[in-house]
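# Structural overview for review
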Amino acid sequence: MKKNKFVQMLQTIAGHGWRSCSSKPAQNLHIGKPGAGFSFELTDEQKEFQATARKFAVEEIIPVAAQYDKTGEYPLPLIKRAWELGLMNSHIPESCGGLGLGSFEACLITEELAYGCTGVQTAIEANSLGQMPVIIAGNEHQQKKYLGRMTEEPMMCAYCVTEPGAGSDVAGIKTKAEKKGDEYVINGQKMWITNGGKANWYFLLARTNPDPNAPASKAFTGFIVEADSPGIQIGRKEMNMGQRCSDTRGIVFEDVRVPEENVLIAEGAGFKIAMGAFDKTRPPVAAGAVGLAKRALDEATRYALERKTFGKPIVEHQAVSFLLAEMAMKVELARMAYQRAAWEVDAGRRNTYYASIAKAFAGDIANQVATDAVQIFGGNGFNTEYPVEKLMRDAKIFQIYEGTAQIQRMIIAREHVGKFKA
């Protein structure tokens, strides 16, 4: 790839080559020296990542976001541009040609991209979800083959777990993989797969233990599946309530043969891998929700400063100014929640509790803040010529995908109560 000035800048920021093959661990730029204490200050490098993503969102995403929302067209030009800028796949290890950045940096980038359009951000972030099982559980060969190719050209992958009858109930998956020689034959159907029609490969979870009473921890296996494998039937693009430029489809697997070498870890390890990926990807999802909420707050504030009623700007009415204050409080607190969850990941600690808090809270406040923004716009907010109605539609999915708001509360309650039982 021809390196433009933006990628060269990111190389300098990251402190290593963009196509480095080093096997050094990821450099977590935000973790200070031992004993340095607690700090809200971003490093200069983090500020550069944030500024690059913000500039891209404001100058290149926002001007075309409404059109992509109307047409539902996949934002491939924007995805290619994000890849050129180094704003995609930032977490891919250096050993595979990536930047190997931490979760914290990825979240900073995600918030800015979501400020521009969460449909675009979701298409990009779905890559992280698809890649994460390979990052946390793939062997060296699998990582170099499947993560490495994503650093060589703009390319998508997808996380194939959800099924028509198995969403929150992941253990209810019906897709089966049967061992035949040195291959597995996969049959089943997946649904609501982001990037389903654009992916180069899939992470797929399938049942390999035929015993219906087998525990989930032993019943499922994780596979890497090439998207062009014979027997894969990709369904139509779903036209959703919001985030319409994101590619969401059903996928049918009919006698799809996958080599044994594409099994992650071992047969029966899939459920743990799939759930482990969520701990790493929920902080960026929360960051996306914060980006949307911040956009809604900014749009509502600008409108409140311009719109006049009863002889003065509506921002001077306490009813409106207090509403803006509540919105600002929610944005700031949700940002702190995702940053704590990301920090826990990069510190090498189990972050399940904080990841679910961040995801649940940020998803909820994104909906609340977007709804309040529409209220401040009044009748104009209900119209497609103004930006906030799209934000309200786009926000809803944050309470549904990657674990519903209710599932997050179940996890939080389990983790919280568990501390007292330990």
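The structure under discussion appears in the preceding block.
The following refers to the structure shown. (Residues numbered from 1 in each chain as written. Predicted model: local features only at pLDDT ≥ 70, side-chain atom pairs only at ≥ 80, totals over all residues. Heavy atoms only, no water.)

## What about the pattern of salt bridges?
Using the following cut-off: Salt bridges are defined as contacts in which a side-chain nitrogen from Lys or Arg sits within 4 Å of a carboxyl oxygen from Asp or Glu. For helices the rule is a DSSP run of H or I covering at least 4 residues; for strands it is a run of E covering at least 2, with both sets numbered from the N terminus onward.
Scanning the model with the defined rule gives 24 salt bridges in all. Glu163 is paired through a salt bridge with Lys190; the nearest N and O atoms lie 2.9 Å apart. Of this pair, Glu163 sits in the loop between strand 1 (156–160) and strand 2 (176–180) while Lys190 sits in strand 3 (residues 183–194), and the two are 27 residues apart along the sequence. Across the pair Arg295 and Glu299 runs a salt bridge, and its minimum N-O distance is 2.8 Å.

## With respect to the nonpolar core
The following threshold applies: In plain words, nonpolar cores are sets of buried Ala, Val, Leu, Ile, Met, Phe, Trp, Tyr and Cys residues tied together by side-chain atoms within 4.5 Å. Burial here depends on accessible area, computed with a 1.4 Å probe over protein chains only, as a share of the maximum for the residue type. Under 20% is buried, over 50% is exposed, and the range in between is partly exposed. It only takes one pair of heavy atoms within 4.5 Å for two residues to be counted as in contact.
Counting residues in hydrophobic clusters, the biggest one holds 41 residues, and the most contacted among them are Leu292, Leu324, Met327, Tyr338 and Ile376. Elements that contribute at least two residues to this core include exactly helix 4 (103–116), helix 8 (270–306), helix 9 (318–346), helix 10 (352–377) and helix 11 (388–395). Counting residues per element, this core draws most heavily on helix 8, which supplies twelve residues. Once you skip the residues sitting within four places of it in the chain, Leu324 turns out to touch Leu297, Ala300, Thr301, Ala304, Val315 and Ile376.

## Things to note about the packing of aromatic side chains
For clarity, the threshold we go by: When the centres of two rings from Phe, Tyr and Trp lie within 6.5 Å, Trp using its six-membered ring, the rings pair. Their planes under 30 degrees apart give stacked, over 60 give edge-to-face, and anything left gives tilted. The criterion is that NZ of a Lys, or CZ of an Arg, lies within 6 Å of the ring centre and within 35 degrees of the ring normal, and then a charge sits over that ring.
A complete count under the given rule lists ten aromatic pairs for this structure. Here Tyr159 and Phe278 contribute two aromatic rings whose centre-to-centre distance is 5.5 Å and whose plane-to-plane angle is 55°, an arrangement assigned as tilted. Pair noted here: Tyr159 is in strand 1 and Phe278 is in helix 8, with a separation of 119 residues, a long-range link. Consider the rings of Tyr202 and Phe253, whose centres lie 6.1 Å apart with planes at 80°: the pair is edge-to-face. Taken together, the residues Tyr202 in strand 4 (residues 199–207) and Phe253 in strand 7 (residues 248–259) connect sequence positions 51 residues apart. Side by side, Tyr202 and Phe253 carry an identical accessibility label, which is buried. In this structure, Arg295 packs its charged tip against the face of Tyr115, placed 5.9 Å from the ring centre. The ring of Tyr353 carries Lys419 above its face, with NZ or CZ at 3.6 Å from the centroid.

## Notes on the pairing of strand 4
Selection criterion: In this scheme, strands are said to pair when DSSP sees at least two bridges between them.
The buried fraction of strand 4 amounts to eight of the nine residues, a majority that puts the element mostly inside the structure. Bridge count between strand 4 and strand 5 (residues 220–226): seven bridges; the pairing is antiparallel. Pairing of Tyr202 across the sheet is with Val225, part of strand 5.

## Regarding the environment of Arg307
One can find Arg307 in the loop between helix 8 and strand 8 (308–309). C-alpha separation for the pair Arg307 and Phe377, spaced 70 residues apart in sequence, amounts to 8.7 Å. In this structure, Arg307 is in contact with Lys312, Pro313 and Ile314, ignoring residues within four places of it in sequence.

## Some thoughts on unusual backbone geometry
A positive phi angle, close to 50°, is found at Asp255, a residue other than glycine. Structurally, the position occupied by Asp255 is in strand 7. Judged by its relative accessible area of 48%, Asp255 is partly exposed. One non-glycine residue, Phe310, lies in positive phi territory at about 55°. Tracing the chain through its elements places Phe310 in the loop between strand 8 and strand 9 (312–313). Here Phe310 falls in the exposed class, since its relative accessible area comes to 80%.

## A look at the packing of helix 5 (residues 118–137) against helix 6 (residues 140–147)
Our working definition: Here, axes are lines fitted to C-alpha atoms. For helices the fit covers the stretch in contact, and angles between N-to-C directions go from 0 to 180 degrees. Any angle between 65 and 115 degrees counts as roughly perpendicular, while under 35 counts as roughly parallel, over 145 as roughly antiparallel, and the rest as oblique. The sense of a crossing depends on the near helix, which, turned anticlockwise from the far helix by less than a right angle, makes the crossing left-handed and, turned clockwise, makes it right-handed.
Interaxial distance between helix 5 and helix 6 falls to 9 Å at its minimum, and their mutual angle equals 150°. In terms of their interaxial angle, helix 5 and helix 6 are classed as roughly antiparallel. Considering the relative orientation of helix 5 and helix 6, their crossing is left-handed. Contacts between helix 5 and helix 6 involve Gln131, Val134, Ile135 and Ala137 from the first element and Gln142, Gln143 and Leu147 from the second.

## A look at the environment of Leu76
By secondary structure assignment, the location of Leu76 is in helix 3 (residues 76–84). Taking the relative accessible area as the measure of exposure, Leu76 reaches 38% and is therefore partly exposed. With 79 residues separating them in the primary sequence, Leu76 and Met155 have C-alpha atoms 10.0 Å apart.

## As for helix 10
Put simply, the rule reads: To estimate how far a helix should extend, the number of its residues minus one is multiplied by 1.5 Å.
The terminal C-alpha atoms of helix 10, which comprises 26 residues, lie 38 Å apart, in line with the 38 Å expected from a rise of 1.5 Å per residue. The element helix 10 is extensively covered by neighbouring structure, given that 20 of its 26 residues are classed as buried.

## Some remarks on the side chain of Thr281
Definition in use: Within 3.5 Å is the distance limit for a polar contact, defined as a pair of N or O atoms, with the added protein rule that one can donate a hydrogen and the other accept it, and that residues adjacent in sequence qualify only through two side-chain atoms.
Structurally, Thr281 can be placed in helix 8. For Thr281, a relative accessible area of 1% gives the class buried. Within polar-contact distance, the side chain of Thr281 engages the side chain of Glu402 at 2.8 Å. Excluding residues that lie within four positions of it along the chain, Thr281 makes contacts with Glu125, Ser128, Leu129, Met132 and Glu402.

## Quick notes on the pairing of strand 7
Each regular strand shows side chains that alternate between the opposite faces of the sheet. Alignment of strand 3 against strand 7, held across nine bridges, turns out to be antiparallel. Counterpart to Val185 in the pairing with strand 7 is Arg257. Across three bridges, strand 6 (residues 232–234) lies against strand 7 in antiparallel orientation. Following the sheet pairing, Ile234 is matched in strand 7 by Ile251.

## Let's talk about helix 9
In a regular helix each residue adds 1.5 Å, so 29 residues correspond to 42 Å; helix 9 covers 42 Å between its end C-alpha atoms and thus fits that length. Gly348 sits one or two residues past helix 9 and shows a positive phi near 85°.

## Describing the state of the cysteines
By definition, a disulfide is the covalent link that joins the sulfur atoms of two cysteine residues. The condition that has to hold: When two cysteine sulfur atoms are found within 2.5 Å, that pair is recorded as a disulfide.
Applying the stated criterion to the full structure yields zero disulfides. Just so you know, Cys107 is unpaired, no disulfide at all, and the nearest cysteine sulfur is the one on Cys157, 17 Å from it. In this model Cys160 remains outside any disulfide bridge; the closest cysteine sulfur is found in Cys157, 9.7 Å from its own. Exposure remark for Cys160: the relative accessible area of 0% places this residue in the buried category.

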